[in-house]
Structures are given as C-alpha cells and as structure tokens.
Amino acid sequence: MTRLTFALLSSLIGLLLLTLAQSSALLVTNEAPTPQPIAVDPATLHALHARYKSLTKQLIQLMPGQPYIVVDTARNHLYIKRRDRVMLDALASTGSGTILDKPGEAKGQWIFDTPRGEFIVQSKLINPVWVKPDWAFIEEGLAVPKSQADRIEPGVLGEYALGFGKGYFIHGTLYTRLLGKNVTHGCIRLNDEDLKSVYQLAKVGTPIMIF
Amino acid sequence: MYLLLAAPIFLLSFIVAGWAAEPDVVPRVDPNDAPALQEAVRLLEEEIKLAARPQTYIVIDLVDRAVLIKGRGAELHRFPIEQWSAAQLAEAQATFRLQKRPPVTRRKIEPAGAEQMPISLDDMPTEFTLLFSPSLTVDVHPSASENFWYWLKFKSRGWWEWLKGWSAILFTGHAPPSQPTIHLTVTSHHAQSLAWTVTEGMPFLLRRTSPSPPS
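Residues numbered from 1 in each chain as written. Chains lettered and ligands numbered in written order. Predicted model: local features only at pLDDT ≥ 70, side-chain atom pairs only at ≥ 80, totals over all residues. Heavy atoms only, no water.

Participant: Even after reading the chapter, I still don't get the overall build of chain B, so can you show me in this structure?
Facilitator: Regarding its fold elements, chain B presents four helices and nine strands. The N-to-C order of helical and strand elements in chain B reads α-α-β-β-β-β-β-β-β-α-β-α-β. Excluding contacts between residues fewer than 6 apart, the proportion of contacts in chain B whose partners are at least 24 apart in sequence is 67%. Of the accessible surface of chain B, which amounts to about 11300 Å², a share of 61% is contributed by carbon and sulfur atoms. (Helix = DSSP H or I, 4+ residues; strand = E, 2+ residues; numbered from the N terminus. Contact = heavy atoms within 4.5 Å. Areas by Shrake-Rupley, 256 points an atom, 1.4 Å probe, with all protein chains shown as cover.)

Participant: Which parts of the structure should I look at to understand the sheet that holds strand β7 (residues 117-120) of chain A?
Facilitator: Strand pairing in a sheet relies on backbone hydrogen bonds. The paired strands run either parallel or antiparallel. Residues and elements named next belong to chain A. Within the open sheet, the five strands sit side by side as β3-β2-β1-β15-β7. Their pairing is mixed. Each having just a single partner strand, β3 (85-91) and β7 make up the two edges of the open sheet. If you compare each strand with its neighbour and ignore which way they point, the axes differ by 20° on average. For strand β1 (residues 68-72) and strand β15 (residues 207-210), the ladder comprises three bridges, and the chain directions are parallel. (Pairing = 2+ DSSP bridges. Axes fitted to C-alpha atoms, helices over the stretch in contact; angles between N-to-C directions.)

Participant: Would you mind going over the layout of surface pockets with me for this structure?
Facilitator: Using a probe with the size of a water molecule, rolled over the atoms, empty space left in the structure can be pinpointed. Residues and elements named next belong to chain A. Space inside the largest pocket adds up to approximately 1300 Å³. Residue lining of the largest pocket: 47 residues in total, with Trp130, Trp135, Glu139, His185 and Arg189 positioned closest to the centre. Elements that contribute at least two residues to the lining of the largest pocket include exactly β6 (109-111), β9 (129-131), α3 (134-139), β12 (169-171) and β13 (182-184). Class assignment of the residues belonging to the lining of the largest pocket gives a composition of 26 nonpolar, eleven polar and ten charged. (1 Å grid on protein atoms, 1.4 Å probe; cavity = no way out; pocket = protein on both sides within 12 Å on 5 of 7 lines; lining within 4 Å. Points joined across faces, edges and corners; volume = space filled by probe spheres on them. Nonpolar A, V, L, I, M, F, W, Y, C, P; charged D, E, K, R; others polar.)

Participant: Before we go on, may I ask you to explain empty space enclosed by the protein in this structure?
Facilitator: Following the criterion strictly, the structure yields one cavity of 30 Å³ or more and no others. What the largest cavity holds in volume is close to 30 Å³. Of the residues belonging to the lining of the largest cavity, the class tally is four nonpolar, no polar and four charged.

Participant: Where do I start with the side chain of His171 of chain A in this structure?
Facilitator: Locating His171 of chain A in the fold gives a position in strand β12. Not counting the four nearest positions on each side in its chain, His171 of chain A is found in contact with Leu157, Tyr160, Ala161, Cys187, Ile188, Arg189, Leu190 and Leu195 of chain A.

Participant: Help me understand the sheet that holds strand β11 (residues 160-163) of chain A, please; the structure alone is not making it clear to me.
Facilitator: Residues and elements named next belong to chain A. Overall, mixed pairing links the four strands, which are arranged β8-β11-β12-β14 in an open sheet. The sheet is open, and its two edges are formed by β8 (123-126) and β14 (188-189), each paired on a single side. Pairing of β8 with β11 involves four bridges; the strand directions are antiparallel. The partner of Lys124 across the bridge, within β11, is Leu162. With respect to the sheet, helix α4 (residues 192-201) is in contact with β8, β11 and β12, its orientation differing from that of β11 by roughly 50°.

Participant: Got a minute to help me understand the interface of chain A and chain B in this structure?
Facilitator: In many reports, interface size means the accessible area that the parts give up when they come together. Listed as interface residues are 57 residues of chain A and, on the opposing side, 68 residues of chain B. Interface of chain A and chain B: buried area, both sides summed, is about 5600 Å²; carbon and sulfur atoms make up 68% of it. Scanning the region where chain A abuts chain B turns up four salt bridges. One salt bridge connects Glu45 of chain B with Arg51 of chain A, and the closest N-O pair in it is separated by 2.8 Å. The interface formed by chain A and chain B contains 14 residue pairs in polar contact (both at pLDDT 80 or more). When residues of the side of chain A that touches chain B are traced back to their parent elements, those giving at least two are α1 (2-23), α2 (42-62), β1, β5 (99-101), β6, β7, α3 and β15 of chain A. Per element, the largest residue contribution to the side of chain A that touches chain B is eleven residues, and it comes from α2 of chain A. (Buried area = accessible area lost by both parts, 1.4 Å probe. Salt bridge = Lys/Arg side-chain N within 4 Å of Asp/Glu carboxyl O. Polar contact = N/O pair within 3.5 Å; in protein donor to acceptor, adjacent residues only side chain to side chain.)

Participant: Just to check I follow, could you spell out the pattern of salt bridges for this structure?
Facilitator: Inspection of the entire model under this criterion finds 16 salt bridges over all chains. Residues Glu153 of chain A and Lys132 of chain A are paired through a salt bridge, measuring 3.4 Å at the closest nitrogen-oxygen approach. In this pair, Glu153 of chain A sits in strand β10 (residues 152-154) while Lys132 of chain A sits in the loop between β9 and α3, placing the two residues 21 residues apart along the sequence. Linking Arg207 of chain B and Asp61 of chain B is a salt bridge whose minimum nitrogen-to-oxygen distance equals 3.0 Å. Pair noted here: Arg207 of chain B is in strand β9 (residues 203-207) and Asp61 of chain B is in strand β1 (residues 56-61), with a separation of 146 residues, a long-range link. By relative accessible area, which is 7% here, Arg207 of chain B ends up buried. (Buried < 20%, exposed > 50% of the residue type's maximum accessible area, 1.4 Å probe, protein only.)

Participant: Even after reading the chapter, I still don't get the pairing of strand β6 (residues 128-133) of chain B, so can you show me in this structure?
Facilitator: Strand residues, when the strand is regular, have side chains that alternate between the two faces of the sheet. Residue and element names in this part refer to chain B. In β6, alternate side chains face the same way, and those of Phe128, Leu130 and Phe132 are buried while those of Thr129, Leu131 and Ser133 on the opposite face are not. With two bridges connecting them, strand β5 (residues 96-98) and β6 associate as antiparallel partners. Following the sheet pairing, Leu98 is matched in β6 by Phe132. Where β6 lies against strand β7 (residues 136-141), five bridges are found, and the strand directions are antiparallel. Residue pairing in the sheet places Leu130 in a bridge with Val138 of β7. Hairpin connection, β6 to β7: the antiparallel pair is bridged by two residues.

Dropping the structure here:
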C-alpha cells in the first residue's frame, strides 16, 4: 500500500516537473514571448514601413470593389457584403454532406456538399424550372427517365435562381422551415424575400466566397 | 441660404469619411517595431499571391490570437485562439498547403429509404492534427476546462516528445531534427468550425510573434 502511494506520488511529481520544464521553453516556444529590443537604423525602418504600406494598398486593391456574396456553410448564412459592410444577412440552407451510391459503379458516389472556395455568378434566371438530375430519381427509388421532358419540375426553385457553375444554384425553397440547416444536395436555398434581394444586388460576375 | 451652403458640406463630409475608412484587412503594426514590420511584410507578400487567385485561405495569427478565413484579402470569418505554443517557429515562413482535412463520418442515403440525417458542425472532431506541405504540423484541441481527457492526451503527447528530445540529446549529444509544430487551444465549437472549413490543398499562412531581426 505504502509502495503504491509512493509510486503514485512520484508519478505526479514527475508529471509536474515535466510540465514546468516544458513551459520553461526548453523545446517549445512560449505563447507570449518578450519582444527583444533590436537596434535598426532609421533608413531600414523607414524602408520597411514604406514596403508595408505599399503591400497593404496592393492587398486592398485585390478586394472586390463591388458587392460580393459570402456563404458560411457551417452556420448556414448567406451575406452580401460591400468591403467590410454587411448589406444583407440571410438564413440559408446548404449541402447535407450525405452520400449516395451511383448505381452500376463500384466506387462511384455523389457527395452532397456545397462546394467551398471562390466562384462567380454565372447566370441569373427568372422563374427557373428544376431539371431533375439522375440522383434525384435514384434517391427516391425511381427509374431515371430517358426523356428530358420527364425531368422538368417547375415551381420548386422559387422566383429566381443564380447559377455559379457545375449545376449549383442559389435559389428559393418550398421548405422554409429547414432554412438554417444543412439539408440540400449542394445548392444554396433562401427564402423568397432574401432571394429577391440577392437577385437584385448581384450581377453576372459577382464573386461568391463559400467557406 | 445657410441651408443651401450647409447641404453640400454635409454631403462632402460623408464622402470624405467614406474614402478615409479603409477596410481593416491587415493587422495594425507599430511602425517602430522592426521585427513586427518585417513579419507583416513577409505575410503580406505571401497573402497578395493568394488573394490574387479565386480561392479561400486561412491565416493563423499568433500575434492577435485569431484564426482568420479570408478570400481576396477580405476577412470572411474569424475566431479566437485561447492559447498557443509552438516549436521551430522560425522555420515556418511559407504558404502551407493542407495535405488532408480531418476525417468526418458521412451518412449514406439508401434509395427510397428513410430520410438520412445531414452532417453538421456537431459531427466534426474537436481534437485533430493538420499536416501541411511544406512541413508544418498544427495540433488543435479544446481547453482543459472543456474536455479534460483531450487536454491530458495532448499534454501527454507533449511530455513524450519532450522526453524523446532530451533522451536524444543525452545519448547522441545533439537534438533530433524536428519540424515546425503549433499547438492551438480553441473552444470545441471553434475547433469543429475549423475542421468544417478546411479543404484538401487549402493554403494557410502564419503570422508569427518573434521573427529574426532585419539584416
């Protein structure tokens, strides 16, 4: 019993010493280093500052000058921003992240993610119709139709749609109670009012940044 | 008459204020702090290259203790770093590309089956390691108050690395080669948020605290 207590106490002291040794920056840099005073001649300092200002200006010039769309897929929000100012904050629905096997393909799968990165508005549509892709039929356990006409489903995408490539759209929804959740097959859904604002504010070429 | 004169002045003041208000895209740096300026210049040079292309990227700002998600120089989202520590930080001065995003279990839809639950932030890990090319390791974990076992696991790993390092010094006389490593303590929610956001190949930049003095 005494030996066990001794062993436990030794281990605890050992761990404590290790923690202290580590935090004394033997191997790991501490989280709040003390700035070291460095003698730098004024000309070097001036040149550095000028370079810093010039680069800052260059970075600002790369920022979108016109309104741009930001989509936060984790929290399901769509923003329209101009510089740092938020012009619109809309509750959205984005990709569910679920997967569906492609029939007849051993390793083929659809992954229902909203794509991340930077895109641009490629098209603006009024009263869009949904041309149902293969996965929509397979998901419902239906046969994929041969005729294009059998794929068309009007009235489910709202009054407007903004395409941003590879079949992805910002569009409306009948399921407004699901806004704020990750439920889509990759498209971005909005309610009618926000969709109208986005349609009015965005142009073909407007950047869409999705993270 | 006064009203007619005042109106244009009032409008002009608004326009001037608009011009003056430059967006806060870069952190403020003390113009007399040469190492901080040098680091800011290095970071800006790297960021301009990234911002020139259509992509999102992440800046781990160890000075202001924040993780920033950015695109075209604009800040899209940020969250705070509670604590951090690092090794071989001096060597970490490139644009780092993420090799692989943290794993997530995706649910499979069965055709005509019951509706499948989507993945959400809650499905993302709260403790994970990000590996980059060129060599950089970022360990992300929640604080001890949030998840004691994760914290203990992380600390144990640190102790083990430390012991290995000292053993090597004792037996061989010199320290083993090590790569830049950063340990970030964030809230569970923010760890999940980071795991959600990152994608394979995503560029990361690092703003360090104590760079070498300008030559």
